[in-house]
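Summary of the model geometry
Letter by letter, the chains look like this.
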Amino acid sequence: MSTQILMPALSPTMEEGKLAKWHVKEGDVVKAGDILAEIETDKATMEFEAIDEGRIGKILIPEGAEGIKVNVPIAVLETEDGEPAPQDIPATMQAIREALAPASPAQKIPSPLVGDAAPKARVGIEAPAAPAAPRSGNGAAAPHTEQRLFASPLAKRIAERDGIDIASVHGSGPRGRIVKADVEAAAKGGVPKPAPPREEQTPAKPVAAPEAHAVSAGLAPLPDARLFYKEGEYEAVPNDSMRKAIARRLTSAKSLIPHYYLTIDCDIGALMQLRARLNEKSPKAEGAYKLSINDFVIKAAAMALMKHPDVNASWTEAAILKHKHADIGIAVDLNPGLITPIVFKAEAKGLIEISNEIKSLAERAKAKKLKPQEYEGGAFSISNLGMFGIKEFTAIINPPQSAILAVGAGEERAVIRDGKVIAATIMSVTMSCDHRVIDGATGARYLQTLKIYVEEPASMLL
Amino acid sequence: MAESFDVIIIGGGPGGYVCAIRCGQLGLKTAIVERENLGGICLNWGCIPTKALLRSSEIWHLLHRLNEFGFSASDITFDLAKIVERSRKVAAQLVNGVKGLMKKNKVTVIDGEATLKGRGTITVAKNGQSTEYSAKNIVLATGARAREFPGLEADGTLVWTYRHAMVPKEFPKSLLVVGSGAIGIEFASFYRTLGAEVTVVEVLDRVLPVEDEEISAFAAKAFAKQGMVIKTATTVEKLQRGANNVTATLKSKDGKIETLTVDRVILAVGIVGNVENIGLEQAGIKVEKTHVVVNQWCETGVPGIYAVGDLVGPPWLAHKAMHEGVIVAERIAGVKGVHPLDTSKVPGCTYCWPQVASVGLTESKAKEGGRRIKAGKFPFIGNGKAIALGEVEGFVKTVFDAETGELLGAHMIGAEVTELIQGYTIARTLEATDSELQVSIFPHPTLSEMMHEAVLAADGRPLHI
């Protein structure tokens, strides 16, 4: 008996990934729970464990292969009595071929299939040339995720006539150029006509289709930067999957979400004093903690969200989803790159718990060990650049969330109080709001509450 | 131990040798088996030597118009042997060129006749000796030959195929050409221009039947004006061979029988694939109507065996074979982004006088299925360069999808149109629409301006008429 080991979906939105490392080789005996491989998505690297015991009969996808679709067989596991049924291999090859077909031609998949035997070669080389399947989600490496859209004039005309969003069509022409056949296939295959904002759309949450279409249809492609610089005058650093994901997500977020911004100054003098007092009380050994200003801001933001459920919400076409808990994403600098792990139910957590959780999340984010469920979801994010001396800034909303708070540095400023100029420690925060969900006054009321909680942390106890 | 290759190509014609070059470029260990001369029919007995012959007839034609251009000459004669000799030299030069290309691309040339022997193995027979070779991939490119019908067989003296017609020992005073496709019409043009009485018989109701109807009609008129006799919807019932002539019995569609006595007959009624004696049946390769059946990737269905060119389906053109050769080479090498051949992007050229060239759909084919089209036409007489050349016969026609602006087809007849058609082929391949062609700048004064005008004419706005 032999069974196929399939490419796992390590998160609900995962469609493909990189087979970063094999921990087993052909012939190895494994038992359930053994680590078989490391799978890398654009967000994290995860270990993939064996579910059954058996012997690794054949490794089908080599280490380093990128863009492996979920559910593609990656290895054959022989259970009990040894040899794989001979017909399994061709069937598996076929499955791989079909699964790989829509992958971008630009991807380098060190194919195990272009081998020395003729039948294998035939199967292997058919893959890249198979007709492009309509793309249902984000095929991360497809050329059209680049800013400039390559499409033939005829393809553009047909797309326009038939109301197909050409940006959502997979290009099969030279260098991924979108040609007539691709648009026609897309029309037949029922590719969503308007461009859905890709990753932020989970199946259960259909996103505003008409807006998406209107925006994407009106966008002029940006020029290719390479046209402006002499070759040799720069170094071209290939974009890794995280860089591509950031580009893709933030481009669609900034293009498709109607952002507006509210800034408020908070006097954090009392907070600083409280923080100093509390940190002094930290045990020296076990249970030691060191609260940061940001920990207070997170707690305050969570408490304010509970008071203003209109802000703690997500947009869908049919309804606004009002969340029952304050799940707050915290932007973590990975230098390069960033990720936004989430402190769930922050409203119910104490400062120490929040503080420790963030330390753990940040450490694991840097090690690329976060699980998808640790960074997916939430309704609100906080990005703090205060430690760099940034006074104030605006951030891009992280869909499916509706707001993000950009926190600046707490600094001594001259303020006028009761007609007198005095020194105070002021921290400016700017909230970016999705106007579809949060109206101006709603956002303002939220910030008013937040200001009170930050300026007088004890009021959170009221 | 048999010598082994990544790819062995059987047949050294344009499909085979181009496949070999591409395989060589892609670093595959490649061999090509040829029983006669590299270059196949195209270089040895087809495209190239006939173009050399037609060049001679074109000069003959111009010599008879010297007065028009301000020259005079008397006693103009031609030497048939020299015309043929030049044609053979041209062919020989190119065959040598192909040999050089094989060497340059490290392709082993195997002399002899190949037969498939089981998977991945062939034997090559030469002078009674048989040698075995093995290959991971085998490409069949054995080409085709003239089709003959019972009672209509070529004998090489009185009844010719293209092969005999290309190397005439004496000039026939009268000639019957059976079939008005590209091959038939080119020979009809050559012999008529040099002074033979030429009758062309075509079973269908128009000459050059694969071309657009308007092209066929214009060509028929032009040929008639040159003194060619065209009999469409007519079949040859019988050929009766005399001592140095042939009497043909012709039957028209309405049942009228007539006889015609001519010096020579040229059979040009299509081709049959060279499917014999290469072990196709034993290998399990499917053959239908003398051609090997393949999928869009030129795969025969037997793993590792491909077939290209005239051996497989139409259009039976050298450049189509070459393109298939490249596709197969790249597929074997695992090159990404290879696309199947799209026959609607394969141009066709006929080097008669006036020349005919086309790509894509004819107007009537384009209208099939109720598609809304717009067609544009521009005559040579409206083009400055054509008038300066003294070549005012012909026109250029475009067919567009009225909705999408897709260039569905282009059809041309007149001087040098075979050199022009590539412009429309590129436009079609790049999926340019009428909008892009309208704003493209064509150099003045050239014949190519007619291509622009025919695009504008499709919108009712040609500039020079």
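Provided above is the structure to which this section pertains.
Residues numbered from 1 in each chain as written. Chains lettered and ligands numbered in written order. Predicted model: local features only at pLDDT ≥ 70, side-chain atom pairs only at ≥ 80, totals over all residues.

Focus on the overall build of chain B
On a plain count of helices and strands, chain B comes out with 14 helices and 24 strands. Across the 465 residues of chain B, 49% fall into the buried class. Restricting the contact set of chain B to residue pairs at least 6 apart, pairs at least 24 apart contribute 65%. (Helix = DSSP H or I, 4+ residues; strand = E, 2+ residues; numbered from the N terminus. Buried ≥ 20, exposed ≤ 12 C-beta atoms within 10 Å, placed from the backbone. Contact = placed C-beta atoms within 7 Å.)

Considerations on the environment of Thr121 of chain B
Residues and elements named next belong to chain B. Mapped onto the secondary structure, Thr121 falls in strand 5 (residues 121-126). On the basis of neighbour counts, which here come to 16 C-beta atoms within 10 Å, the residue Thr121 falls in the partly exposed class. Expressed as a C-alpha distance, the spacing of Thr121 and Ser134, which sit 13 residues apart in the sequence, is 4.3 Å. Residue contacts for Thr121: discarding those within four places in its chain leaves Ala2, Glu132 and Ser134.

Quick look at the pairing of strand 2 (residues 16-22) of chain A
All names here are of chain A. Extensive coverage of strand 2 is indicated by the burial of five of its seven residues. When strand 2 meets strand 4 (residues 35-40), the two strands line up antiparallel, connected through four bridges. Bridging from a neighbouring strand, Lys21 pairs with Glu38 of strand 4. (Pairing = 2+ DSSP bridges.)

Things to note about the packing of helix 3 (residues 47-63) of chain B against helix 4 (residues 80-104) of chain B
Residue and element names in this part refer to chain B. Between helix 3 and helix 4, whose axes approach to 8 Å, the crossing angle comes to 145°. In terms of crossing hand, the pair formed by helix 3 and helix 4 is right-handed. Residues Ile48, Pro49, Ala52, Leu53 and Ser56 of helix 3 touch helix 4, and the partners they reach there are Ile83, Arg86, Ser87, Arg88, Val90, Ala91 and Leu94. Grouping the constituent residues of the contact of helix 3 with helix 4 by class yields eight nonpolar, two polar and two charged. (Axes fitted to C-alpha atoms, helices over the stretch in contact; angles between N-to-C directions. Left-handed = near helix turned anticlockwise from the far one by under 90°. Nonpolar A, V, L, I, M, F, W, Y, C, P; charged D, E, K, R; others polar.)

Here's the deal with the environment of Thr13 of chain A
Residue position: Thr13 of chain A is located in the loop between strand 1 (2-6) and strand 2. Residues Thr13 of chain A and Glu376 of chain A lie 363 residues apart in sequence; the distance between their C-alpha atoms is 9.3 Å.

A short note on the environment of Ala188 of chain B
Residue and element names in this part refer to chain B. Inspection of the secondary structure puts Ala188 in helix 6 (residues 182-193). Between the C-alpha atom of Ala188 and that of Met228, which follows or precedes it by 40 residues, the distance is 8.0 Å. For Ala188, the contacting residues outside a window of four places in its chain are Val177, Val198, Val200 and Met228.

Some points on the sheet that holds strand 12 (residues 328-330) of chain A
Residue and element names in this part refer to chain A. Taken in spatial order, the six strands of this open sheet run 9-18-17-16-12-15, and their pairing is mixed. Sheet topology places strand 9 (259-267) and strand 15 (342-343) at the edges, where each strand pairs with a single neighbour. Direction of pairing for strand 16 (residues 380-384) relative to strand 17 (residues 403-417): parallel, over a ladder of five bridges. Paired with Asn384 across the bridge in strand 17 is Val407.

Focus: the nonpolar core
Ranked by internal contacts, the top residues of the largest apolar core, which has 142 residues, are Ile8, Cys19, Val139, Leu140, Val265 and Val308 of chain B. A per-element tally of this core places helix 9 (residues 318-333) of chain B first, with nine residues. With sequence-adjacent residues up to four places away left out, Val265 of chain B is seen in contact with Leu158, Val159, Trp160, Leu176, Val178, Leu239, Val246 and Ala248 of chain B. Ranked by size, the runner-up nonpolar core spans 79 residues in total, among them Leu10, Leu19, Ile339 and Ile358 of chain A. (Core = buried A, V, L, I, M, F, W, Y, C linked by C-beta atoms within 7 Å.)

Section: the sheet that holds strand 11 (residues 229-231) of chain B
All names here are of chain B. Taken together, the five strands give an open sheet; going across it, the order is 8-15-9-10-11, and neighbouring strands pair in parallel fashion. Pairing within the sheet leaves two strands with one partner each, and these edge strands are strand 8 (159-160) and strand 11. Bridge analysis of strand 9 (residues 174-178) against strand 10 (residues 197-201) gives five bridges, and the strand direction is parallel. Looking across to strand 10, one finds that Leu175 is bridged to Val198.

Here we look at unusual backbone geometry
All names here are of chain B. At the junction of Trp353 and Pro354, the peptide bond is cis and its omega measures out at 0° in the coordinates. The peptide bond linking His444 to Pro445 adopts the cis configuration, its omega dihedral lying at -5°. Its identity is not glycine, yet Lys106 carries a phi of approximately 55°, on the positive side. By the element assignment, Lys106 lies in the loop between helix 4 and strand 3 (107-111). For Lys106, a count of 14 C-beta atoms within 10 Å gives the class partly exposed.

Considering the pairing of strand 1 (residues 3-10) of chain B
Regular strands place their side chains on alternate faces of the sheet. All names here are of chain B. In the sheet, strand 1 pairs with strand 6 (residues 129-140) via seven bridges, with the strands oriented parallel. Of the residues in strand 6, the one forming a bridge with Ser4 is Ser134. Following the chain from strand 1 across helix 1 (residues 14-25) to the adjacent parallel strand 2 (residues 30-34), one finds a crossover that is right-handed. (Right-handed = clockwise from strand over helix to strand, strands pointing away.)

Structural notes on helix 8 (residues 293-307) of chain A
Across its 15 residues, helix 8 of chain A extends 21 Å between first and last C-alpha, which sits within 8% of the 21 Å expected from 1.5 Å per residue. Of all the 15 residues making up helix 8 of chain A, 12 are buried; the element is thus mostly covered by neighbouring parts of the structure. (Expected span 1.5 Å × (residues − 1).)

Structural notes on the packing of helix 3 (residues 153-162) of chain A against helix 4 (residues 180-189) of chain A
All names here are of chain A. At a minimum axis separation of 8 Å, helix 3 and helix 4 run at an interaxial angle of 20°. With respect to helix 4, the element helix 3 is oriented roughly parallel. Both helix 3 and helix 4 take part in a crossing whose hand is right-handed. Taking contact as the criterion, the partners of Leu154, Ala155, Ile158, Ala159 and Asp162 in helix 3 are, on helix 4, Lys180, Asp182, Val183, Glu184 and Ala187. (Parallel < 35°, antiparallel > 145°, perpendicular 65-115°, else oblique.)

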